[in-house]
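# Summary of the model geometry
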2 protein chains.
Amino acid sequence: MERRSFLKKAAVGSVAGATGAMTAPSLAAELPTLNWRLASSFPKNLDTIYGAAETFCHRIKELTDGKFNIRPYAAPEIVPFNAVLDAVKDGTVEIGHTASYYYYGKDATFAFDCAVPFGMTSRQQTAWMMHGNGMKLMREFFAEHNVVNFLGGNTGTQMGGWFRKEIKSPEDLKGLKFRVGGFAGKVLAKLGTIPVQVAGGEIYTSLEKGAIDAAEWVGPYDDEKLGFNKVAKVYHYPGWWEGGAQLSFYVGKKEWDKLPKLYQAAIETASLEAHINMQAKYDARNPSALARLIQDKTILKPFPQSVMEACFNAAQETFTEEAAKNPKFNKVYTDWVAFRNNQSQWFNVAEQSFARFNMARKLK
Amino acid sequence: MERRSFLKKAAVGSVAGATGAMTAPSLAAELPTLNWRLASSFPKNLDTIYGAAETFCHRIKELTDGKFNIRPYAAPEIVPFNAVLDAVKDGTVEIGHTASYYYYGKDATFAFDCAVPFGMTSRQQTAWMMHGNGMKLMREFFAEHNVVNFLGGNTGTQMGGWFRKEIKSPEDLKGLKFRVGGFAGKVLAKLGTIPVQVAGGEIYTSLEKGAIDAAEWVGPYDDEKLGFNKVAKVYHYPGWWEGGAQLSFYVGKKEWDKLPKLYQAAIETASLEAHINMQAKYDARNPSALARLIQDKTILKPFPQSVMEACFNAAQETFTEEAAKNPKFNKVYTDWVAFRNNQSQWFNVAEQSFARFNMARKLK
């Protein structure tokens, strides 16, 4: 700050000496130089998700004439992928970029900031956050963790994952060792599935050796890089537990409160740019990746209707149980479920009917 | 600029006199005060579309510490709704917010920056613009009009409009006096429809008097305000000519080139915020508006499959004709159609199968 207060005095002095008529020096001249560290939950090879942090940091720098520097660190450079919340909360880093359902184990309420089984699509989730009560409710919740949360991307509907054997009925879920996390794991456990935690880098070998029977990751563009189709041929869809998985930026509350208004505005707007940019990048890259995977002998299969129904019912049961024992979850769920249910009529009318007709036909 | 160059000299003088060791004064301190006028194509009562300009201007002001002021004017305060392109091109205003298909009459190529019949959904259009060749191709095209274009919102799939009588077959389109514009009008004319131009404020009376048989506007949230269901009971869907209608900001090329880099960055990021914010607002507001319209005796009807097929074929014919005679159209169409067709497999797999299952079921 020394340079800053020097500049201020110098400017005032020169002005008085020159004309005596200058307005006060602009706030912009007084903006502090800040260097922040951003802990990402993602490795660099997930260039679409990790890339959102890069997009964000780059824009913040441009918007502040290079004075507000945020340097992104891929996981696990500073902290493990699922420790970003604590790193921000404790002040180890000023800011993080993560998926809130990684913290489902601390409190199921975190999932509403990312994805809930049979929840909302990418657009619906963004609508709830920006023009429903989503952001307001999640800000209240995150405040208890000293975090101010911002939208930070969405993957769109993910795939159901890679299976060594096709799932033909709910029976096939019993005893299935499935690399799947958080909320989905809890729902699937009701149907006899054994949710297993395996780090991203070890999924391939675990599948190959048969230590697990199935694994879900993201979607065609990211999955292709890890080569899962070499060791598990059946690619099921949809990933009903991630109809539109949202990523988030977490800013430490204390750091946020200290920021000049212009820097706060820069974070608010740059996070939304990163948010839409990630979805656009996935939407542009996934189609060709899927086509290549199919070319490469992937067997693309929808989950059977009976499996979808069983999972939906198990999800409803899980929500009811969680809401009964967790008042924070119940508060958000009540608002979230009303918004979700209210979306269906409209989306079935214009969006779905158009997409269904239109996406079944090629133009020349 | 006088204050700016004065500030610069004063700062340099004071620094030399004080320590002689200061780094150059920061660019931020030299940022000019600018006052721009934004001509919107939209009236204030279309608060979602018009509101995007307000969101944008507000953010630009915050990002520049109040130095870059853009004042939005609703249509037709400065120019008529369909004259925003010329107003920016000629320098009457520095910036505009508009729908590019309003300029379809000048060149059909404009439509790719907004909506093309049986084209892309909101997400697909954004993906093409941001991570396909869309923005690159449209920037080339707009450069000939002295315009630098930016994304400025999307409505999502619109409704097919309000009809005094239900459309039951392609035959019913013959002789239909339909208030519908540009590209859709041209396609429908092939099927015998008579496209009619009626200003937004006069649609209600024209429908009531039977001067027109049908009119399309936007979707439930905007349509409800104009009370169309009082005079035309049948609400057809989907608006296949606007699967995801994009709005745009137009900045005058000369003005853009003069802007400091920080102001350019502010426009780039704030336009994307306005872009996503508009879609989120429509997605949050349309469902309840549709429910109210149905409650109020609106008859909701899909266009019959035979009508959709006939319109799709007529659209294909129109594209082929236009591409044959307009090299600019042909250049963009070639890229656009490849991107559109490539989207279908992936969207039918994860997004559509999830949405179809999920939006047919309520959670409690």
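These lines cover the structure that appears in this document, whether it is placed above or below. What you are looking at is a predicted structure, and each value in this text was computed from that prediction instead of being measured. All chains use their own residue numbering, which begins from 1 and follows the written sequence. For this description, chains carry letters from A and ligands carry numbers from 1, given in the order in which they are written. Residue-level local features of this predicted model are given only where pLDDT is at least 70; pairs of side-chain atoms are given and counted only at 80 or more, and the full residue set underlies all totals for whole chains, interfaces and linings. Only hydrogens and water are set aside when side-chain values are computed; all heavy atoms of the structure are taken into account.

So, on to the overall build of chain A. Scanning chain A for helices and strands turns up 12 helices and 11 strands. Summarising its shape, the C-alpha atoms of chain A cover approximately 85 × 45 × 45 Å along the three principal directions. Three labels apply to residues, based on accessible area from a 1.4 Å probe with only protein chains included: buried if under 20% of the type maximum, exposed if over 50%, partly exposed otherwise in between. When each of the 364 residues of chain A is scored for burial, the buried share is 61%. Two residues form a contact once any of their heavy atoms are found within 4.5 Å. Considering only residue pairs separated by 6 or more positions, chain A has 77% of its internal contacts joining residues 24 or more positions apart. Residue burial considers only the protein chains on display, and all accessible areas are found by Shrake-Rupley using a 1.4 Å probe. When the accessible surface of chain A is summed, it comes to about 13600 Å², and 53% of that surface belongs to carbon and sulfur atoms. Of the charged side chains in chain A, 44 are positive and 37 negative, and the gap between their average positions amounts to 2 Å. Runs of E in the DSSP output that reach at least two residues are strands. Runs of H or I that reach at least four are helices, and both are numbered from the N terminus. Two residue types count as positive, namely Lys and Arg, and two as negative, namely Asp and Glu; His and chain ends fall outside the count. Think of each charge as sitting on NZ of Lys, CZ of Arg, CG of Asp or CD of Glu.

All names here are of chain A. By definition here, a salt bridge exists when the distance from a side-chain nitrogen of Lys or Arg to a carboxyl oxygen of Asp or Glu is within 4 Å. Evaluation of the coordinates by the stated rule reveals 49 salt bridges over all chains. Its salt-bridge partner being lysine 106, residue aspartate 86 comes within 3.2 Å of it at the nearest N-O pair. With aspartate 86 in helix α3 (residues 84-89) and lysine 106 in the loop between β3 (95-98) and α4 (122-131), the pair connects residues that are 20 residues apart, well separated along the chain. Here aspartate 257 ties to lysine 253 by a salt bridge, and the two come within 2.8 Å at their closest N and O atoms. One end of the pair, aspartate 257, and the other, lysine 253, are both in helix α9 (residues 253-258), 4 residues apart, so they sit about a helical turn from each other. In this structure aspartate 257 comes out as partly exposed when scored by relative accessible area, which is 48%. One salt-bridge network, in which partners are shared between bridges, spans Asp47, Asp222, Lys225, Lys281 and Arg285.

What follows concerns the interface of chain A and chain B. With 98 residues of chain A at the interface, the matching set in chain B holds 98 residues. Summed over both partners, buried area is the accessible surface (1.4 Å probe) that two parts give up on being assembled. Taken together, the two surfaces of chain A and chain B that pack against each other cover about 8900 Å², and 64% of this comes from carbon and sulfur. When residues of chain A are sorted by the area they lose upon contact with chain B, Trp346(A), Met359(A) and Leu363(A) head the list and together hold 10% of the total. For the interface between chain A and chain B, the tally reads 6 salt bridges. Salt-bridge contacts for Arg361(B) lead to Glu309(A); the nearest nitrogen and oxygen are separated by 2.6 Å. In the analysis that follows, any N or O atom pair within 3.5 Å is treated as a polar contact, provided that within protein one partner can donate a hydrogen and the other can accept it, and provided that, for residues neighboring in sequence, both atoms belong to side chains. Applying the counting criterion to the chain A and chain B interface returns 32 residue pairs in polar contact (both at pLDDT 80 or more). Residues of the side of chain A that touches chain B, tallied by class, amount to 48 nonpolar, 32 polar and 18 charged. Three residue categories are used. Nonpolar comprises Ala, Val, Leu, Ile, Met, Phe, Trp, Tyr, Cys and Pro, charged comprises Asp, Glu, Lys and Arg, and polar comprises the others, including Gly.

Right, let's get into the pairing of strand β1 (residues 34-40) of chain B. Residue and element names in this part refer to chain B. Here β1 lies mainly inside the structure; 5 of its 7 residues are buried. Strand pairing is defined by DSSP finding a minimum of two bridges between the two strands. Looking at chain direction, β1 and strand β2 (residues 68-73) are connected through 6 bridges and run parallel. Residue pairing in the sheet places asparagine 35 in a bridge with asparagine 69 of β2. Here is how to tell: hold the view so the strands point away, follow the path from the first strand over the helix to the second, and if it runs clockwise the crossover is right-handed. Handedness of the β1-helix α2 (residues 47-63)-β2 crossover: right-handed.

This paragraph deals with the relation of the copies chain A and chain B. Here chain A sits on chain B after a turn of 180° about the axis and a move of 0.0 Å along it, with an RMSD of 0.0 Å. Here the transformation between the copies is reduced to the relation of a two-fold axis. The copies are overlaid by a least-squares fit using only the C-alpha atoms of residues whose pLDDT is at least 70 in both copies.

Residues and elements named next belong to chain A. Read across the open sheet, the 5 strands follow the order β2-β1-β3-β10-β4; overall the sheet is mixed. Across the chains shown, the open sheet's two edge strands, defined by having one partner strand only, are β2 (68-73) and β4 (147-154). Shown here is a sheet whose adjacent strand axes are inclined to one another by a mean of 25°, direction ignored. With 6 bridges connecting them, β4 and strand β10 (residues 246-252) associate as antiparallel partners. What sits directly across from phenylalanine 150, in β10, is phenylalanine 249. What counts as an axis is a line fitted to C-alpha atoms, over the stretch in contact for a helix, and the angles between N-to-C directions run from 0 to 180 degrees. Strands in contact with helix α2 (residues 47-63) are β1 (34-40), β2, β3, β4 and β10; relative to β2, the strand with the most contacts, it is inclined by about 165°. Against the sheet, helix α10 (residues 261-295) touches β1, β2, β3, β4 and β10, its axis set at about 30° to β4.

Turning our attention to unusual backbone geometry. With an omega dihedral of 0°, the bond running from Ala75(A) to Pro76(A) counts as a cis peptide bond. Here Pro76(A) lies in the loop between β2 and α3. If you check the backbone angles, Asp65(A) has positive phi at about 55° while not being a glycine. On the secondary structure map, Asp65(A) appears in the loop between α2 and β2. With a phi angle near 55°, Phe118(B) is a residue other than glycine that sits in the positive phi range. Its location among the elements puts Phe118(B) in the loop between β3 (95-98) and α4 (122-131). In this structure Phe118(B) comes out as buried when scored by relative accessible area, which is 0%.

Pairing of β1(A) with β3(A) involves 3 bridges; the strand directions are parallel. Paired with Ser40(A) across the two strands is His97(A), which belongs to β3(A).

Moving on: the packing of aromatic side chains. All names here are of chain A. Aromatic contacts are taken between Phe, Tyr and Trp rings whose centres are within 6.5 Å, Trp giving its six-membered ring; a plane angle under 30 degrees counts as stacked, one over 60 as edge-to-face, and the others as tilted. For the structure shown, the criterion picks out 70 aromatic pairs over all chains. Geometrically, the ring pair formed by tryptophan 36 and phenylalanine 68 is edge-to-face, given 5.0 Å between the ring centres and 90° between the ring planes. On the criterion of sequence distance, the pair formed by tryptophan 36 in strand β1 and phenylalanine 68 in strand β2 is long-range, its members being 32 residues apart. When sorted by exposure, tryptophan 36 lands in the same class as phenylalanine 68, which is buried. Ring pairing ties together the aromatic residues Phe42, Phe81, Tyr101, Tyr102, Tyr103, Phe110, Phe141, Phe142 and Tyr250, which thus form one cluster.

Let us now look at the side chain of Thr157(A). Secondary-structure assignment places Thr157(A) in the loop between β4 and β5 (161-163). Residue classification places Thr157(A) among the buried positions, given a relative accessible area of 1%. Within polar-contact distance, the side chain of Thr157(A) engages the backbone oxygen of Gly243(A) at 2.7 Å. For Thr157(A), the residues in contact, after removing those within four places along its chain, are Pro238(A), Gly239(A), Glu242(A), Gly243(A), Gly244(A), Trp346(B), Ala350(B), Glu351(B) and Phe354(B).

Here we take up the environment of Asn342(B). As for its placement among the helices and strands, Asn342(B) is situated in helix α12 (residues 327-358). Through-space distance from the C-alpha of Asn342(B) to that of Asn146(B) is 32 Å; in sequence the pair is 196 residues apart. Not counting residues within four places of it along the chain, the set of residues in contact with Asn342(B) comprises Pro287(A) and Ser288(A).

For the pair α10(A) and α2(B), the least separation of the axes is 8 Å and the interaxial angle reads 135°. Of the possible angle classes, the one that applies to α10(A) and α2(B) is oblique. Contact with α10(A), carried on its side by Leu262(A), Ala265(A), Ala266(A), Glu268(A) and Thr269(A), involves Arg59(B), Glu62(B) and Leu63(B) of α2(B) and no other residues of that element. If an angle is under 35 degrees, it is roughly parallel; if it is over 145, roughly antiparallel; if it lies from 65 to 115, roughly perpendicular; otherwise it is oblique.

Throughout this description, disulfide means a covalent bond between two cysteine sulfur atoms. When the sulfur atoms of two cysteines come within 2.5 Å, that pair is taken as a disulfide. Using the criterion set out here, one finds 0 disulfides over all chains in the structure. Residue Cys311(B) stays outside any disulfide, its sulfur separated by 19 Å from that of Cys114(B), the closest cysteine.

Here helix α11 (residues 305-325) of chain B spans 31 Å end to end across 21 residues, near enough to the 30 Å set by a 1.5 Å rise per residue. Of all the residues in α11(B), the buried ones are Val307(B), Met308(B), Ala310(B), Cys311(B), Phe312(B), Ala314(B), Ala315(B), Gln316(B), Thr318(B), Phe319(B), Glu322(B) and Ala323(B). Residues of α11(B) that are buried make contact with α12 (327-358) of chain A together with α6 (182-189) and α12 of chain B. Multiplying 1.5 Å by the helix residue count minus one yields the expected span of that helix.

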